[in-house]
Amino acid sequence: MLNRLKLALLALIPVSSLMALAAFALVMLSPSSKAMACLPCDCPDNRALNCYGGFHLNTIEEKNGTCSIEVLGFDRGGRRGYKAIYATAREIARVPEAPETNTLIEQYYEYALYRLTTGEFQLNAGPFDEENKVYVVIFTGCPATSISESTYIAEPAQ
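What you see is a predicted model, and the numbers here were worked out from it, not measured in a lab.

Basis of the calculations
Residues numbered from 1 in each chain as written. Predicted model: local features only at pLDDT ≥ 70, side-chain atom pairs only at ≥ 80, totals over all residues. Heavy atoms only, no water. Helix = DSSP H or I, 4+ residues; strand = E, 2+ residues; numbered from the N terminus. Buried < 20%, exposed > 50% of the residue type's maximum accessible area, 1.4 Å probe, protein only. Phe/Tyr/Trp six-rings, centres within 6.5 Å; stacked < 30°, edge-to-face > 60°. Pairing = 2+ DSSP bridges. Axes fitted to C-alpha atoms, helices over the stretch in contact; angles between N-to-C directions.

Summarise unusual backbone geometry; cite the residues concerned and give the values.
In this chain, G126 is followed by P127 through a cis amide linkage whose omega measures 5°. Of note, N132 is a non-glycine position whose phi angle comes to about 65°, a positive value. Positionally, N132 belongs in the loop between β6 (121-125) and β7 (133-140). The class for N132 is buried, based on a relative accessible area of 18%. If you check the backbone angles, S146 has positive phi at about 45° while not being a glycine. In this fold, S146 is placed in strand β8 (residues 145-153).

Structure follows, in structure tokens:
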């Protein structure tokens, strides 16, 4: 009985009104240009260089005019942070600005910071999960400029 009543009421509504209602619903349910969340690199309260991955990469200008590179990791739940890498200006200066081979500056478990033969820095982070995805951030200088990010899938350990 109720279904017949619904059908009868729907027959009374013109098709143009239904189309207008559907268009209105689409507009109201479409994503707006303003996101309710932000990526780390696009948040006003977060100065991380990276946009992706469960870590924060920062370059820190010290009061004495030097610059350090810091990597903060997070537990699997993303609630507790820890300092994974803190490469001071002194540690960075031990590696030539353009080494003959890509040179490891500092490593902590699945985080590795390198100075590349191009003079750039590269952070490899991961893999953190069963997907074996490794996040790569390459940047120039300290403080960082020309930041690029990529990922790759690491071969599973045997």
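Tell me about the packing of aromatic side chains, residues and numbers included.
Summed over all chains, the structure comprises 7 aromatic pairs. Considering the side-chain rings of F121 and F139, the 5.4 Å spacing of their centres and the 25° angle between planes classify their relative orientation as stacked. Of the two residues, F121 sits in strand β6 while F139 sits in strand β7, which places them 18 residues apart along the sequence. Here F121 falls in the buried class, since its relative accessible area comes to 2%. Exposure remark for F139: the relative accessible area of 0% places this residue in the buried category.

Help me get a handle on the sheet that holds strand β2 (residues 67-74), residues and values and all.
Here 3 strands make up an open sheet; going across it, the order is β1-β2-β3 and the pairing antiparallel. Since the sheet does not close on itself, it has two edges, and those belong to β1 (55-61) and β3 (81-87), each with one partner. If you compare each strand with its neighbour and ignore which way they point, the axes differ by 25° on average. Sheet analysis places β1 next to β2, joined by 7 bridges and oriented antiparallel. Within the sheet, the bridge partner assigned to N58 lies in β2 and is E70.

Just geometry here; none of it tells us what the structure is for.
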